[in-house]
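Listed below are the residues making up each chain.
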Amino acid sequence: MTKRNQAAGLRVFAVANQKGGVGKTTTAINLGTALAAAGERVLVIDLDPQGNASTGLGVPEEARHVSTYDVLAGAAALEQAMTPAAIPGLFVAPSTRDLAGLEPEISAAPNRAYFLRDAIASLRASELDRAPADRLSYVLIDCPPSLSILTLNALAAADAALVPVQCEFFALEGIQQLKETIDFVQASLNPGLEIHGVVLTMHDGRTKLSNEVATEVRNFFGQKVYDTIIPRNVRVAEAPSHGKPLLLYDHTSAGSKAYMDLAAEMITREAATAAAAAAKAA
């Protein structure tokens, strides 16, 4: 797998879908791990009050001394919340239950949708003081399964959205709503936001339904859908309960291979995007 060119700068992705149970957290954990295993430096921002991404990356509640609540409340910088995970080059900004109470605290603030964007802007600036080899390549934001102020903060801060869609009945439920949300954010909060890619998750190739849903999603999103498909795999479901990303829990599983393939595909897409931007600038 080819490592991304550090000169391209930090790229921020919101892992988002307003529908729950589609594999957002699983994708944030395991894509982040796969990117780090490929030599990238990655920060996973846990923006879900449930804190499942933090748990899945091996950060217990008692070790979450500085959380994303502290960052969004203005009490700490994002760099202070960065906690090393078990894979070298992988960090997590953990969540705590306090995050659930943030919305009423900031609802009257005129810039309430930009708290995370401003924190990431500060992080970008501090990264410039580091040697190129020590700089982050990617930030993955694990969003809650709702259109809340937390999700809006993620989309307002992101360069692009990465959308997991499960290959099950009702999979397309909410996709049009998500597209409308992204259009709204583009128009009002973040003109540069785009859908980077759609990830098909929980796919069971033995069933007609999974294959039909995958075809429908590809018809809806076209080339935005990644070639890599994440299979329904018991090891994927087991890993979080052990506080480990899948690549550490069982690197030989089909799910591990799929997330490594997804990381490679993402890096390839990023290289193509950077090359196109450079050609346009020239």
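Residues numbered from 1 in each chain as written. Predicted model: local features only at pLDDT ≥ 70, side-chain atom pairs only at ≥ 80, totals over all residues. Heavy atoms only, no water.

Peer 1: Can you walk me through the nonpolar core in this structure?
Peer 2: Generally speaking, nonpolar side chains in soluble globular proteins are found buried as a group. Of all hydrophobic cores here, the largest spans 57 residues; its most connected members are Leu-43, Ile-45 and Ile-141. The element that contributes the greatest number of residues to this core is helix H7 (residues 149–157), accounting for 7 residues. In contact with Leu-43, other than residues within four places in its own chain, are Leu-78, Met-82, Phe-91, Val-92, Ala-93, Leu-123, Leu-136, Tyr-138, Val-139 and Leu-140. Formed by 32 residues, the second largest nonpolar core is a distinct cluster that contains Ala-28, Ala-85, Ile-230 and Ala-258. (Core = buried A, V, L, I, M, F, W, Y, C linked by side-chain atoms within 4.5 Å. Buried < 20%, exposed > 50% of the residue type's maximum accessible area, 1.4 Å probe, protein only. Helix = DSSP H or I, 4+ residues; strand = E, 2+ residues; numbered from the N terminus. Contact = heavy atoms within 4.5 Å.)

Peer 1: Would you take a moment to explain the packing of helix H6 (residues 115–127) against H7 for this structure?
Peer 2: For any two helices packed against each other, one specifies the inter-axial angle together with the distance between the axes. Their axes nearest at 7 Å, the elements H6 and H7 cross at an angle of 40°. Taken together, the axes of H6 and H7 lie oblique to each other. In the crossing of H6 with H7, the sense of the turn from one axis to the other is right-handed. Of H7, the residues touching H6 (which contributes Phe-115, Leu-116, Arg-117 and Ile-120) are Asn-153, Ala-154, Ala-156 and Ala-157. Here the residues of the contact of H6 with H7 are counted per class, giving 6 nonpolar, 1 polar and 1 charged. (Axes fitted to C-alpha atoms, helices over the stretch in contact; angles between N-to-C directions. Parallel < 35°, antiparallel > 145°, perpendicular 65-115°, else oblique. Left-handed = near helix turned anticlockwise from the far one by under 90°. Nonpolar A, V, L, I, M, F, W, Y, C, P; charged D, E, K, R; others polar.)

Peer 1: Just to check I follow, could you spell out the packing of aromatic side chains for this structure?
Peer 2: The geometry of an aromatic ring pair is captured by the separation of the ring centres together with the interplanar angle, meaning the angle of the planes. Here the structure, examined in full by the defined rule, presents 2 aromatic pairs. When the ring of Phe-220 is compared with that of Phe-221, the centres are 4.8 Å apart and the planes differ by 70°; the resulting orientation is edge-to-face. Phe-220 gets classed as partly exposed once you look at its relative accessible area, which sits at 40%. When the ring centre of Tyr-114 is taken as reference, the NZ or CZ atom of Arg-117 above it lies at 3.9 Å. Note that Arg-269 overlies the ring of Tyr-226, its terminal NZ or CZ placed 4.2 Å from the centroid. (Phe/Tyr/Trp six-rings, centres within 6.5 Å; stacked < 30°, edge-to-face > 60°. Lys NZ or Arg CZ within 6 Å of the ring centre and 35° of its normal.)

Peer 1: Before we go on, may I ask you to explain the pattern of salt bridges in this structure?
Peer 2: One side chain can pair with another of opposite charge once the charged atoms of both are near each other. Scanning the model with the defined rule gives 9 salt bridges in all. The partner of Asp-183 in a salt bridge is Lys-179, with the nearest N and O atoms 3.1 Å apart. On the criterion of helical spacing, the pair formed by Asp-183 and Lys-179 is a turn pair, its members being 4 residues apart in helix H8 (residues 175–188). Between Lys-208 and Glu-212 there is a salt bridge, with its nearest N and O atoms 3.8 Å apart. Here Glu-212 and Lys-208 lie together in helix H9 (residues 208–221), a separation of 4 residues that amounts to about one turn. (Salt bridge = Lys/Arg side-chain N within 4 Å of Asp/Glu carboxyl O.)

Peer 1: So what exactly am I meant to see when it comes to H7 here?
Peer 2: Structurally, the α-helix is built with 3.6 residues per turn, so residues lying three or four positions apart point the same way. Of all 9 residues that make up H7, 9 are buried, and the element is covered over most of its length. Considered for burial, the residues of H7 that qualify are Ile-149, Leu-150, Thr-151, Leu-152, Asn-153, Ala-154, Leu-155, Ala-156 and Ala-157.

Peer 1: I tried to follow a nonpolar patch on the surface on my own but got confused; where do I start?
Peer 2: Taken together, the side chains of Phe-169, Phe-170 and Leu-209 present a nonpolar region at the surface, about 330 Å² in accessible area. Structurally, Leu-209 is set in helix H9. Taking the relative accessible area as the measure of exposure, Leu-209 reaches 38% and is therefore partly exposed. (Patch = residues over 30% accessible without salt bridge, like charges linked within 9 Å, V, L, I, M, F, W, Y side chains within 5 Å. Areas by Shrake-Rupley, 256 points an atom, 1.4 Å probe, with all protein chains shown as cover.)

Peer 1: Explain the confidence of the model for the chain to me, please; I cannot follow it from the model alone.
Peer 2: Note that predicted coordinates carrying low pLDDT should not be read in detail. When the pLDDT values of the chain are averaged, the result is 88; 97% of them are 70 or greater. The least confident element of the chain is helix H10 (residues 234–238), whose mean pLDDT is 75; the most confident is strand E2 (residues 42–46), at 98. (pLDDT = per-residue confidence, 0-100.)

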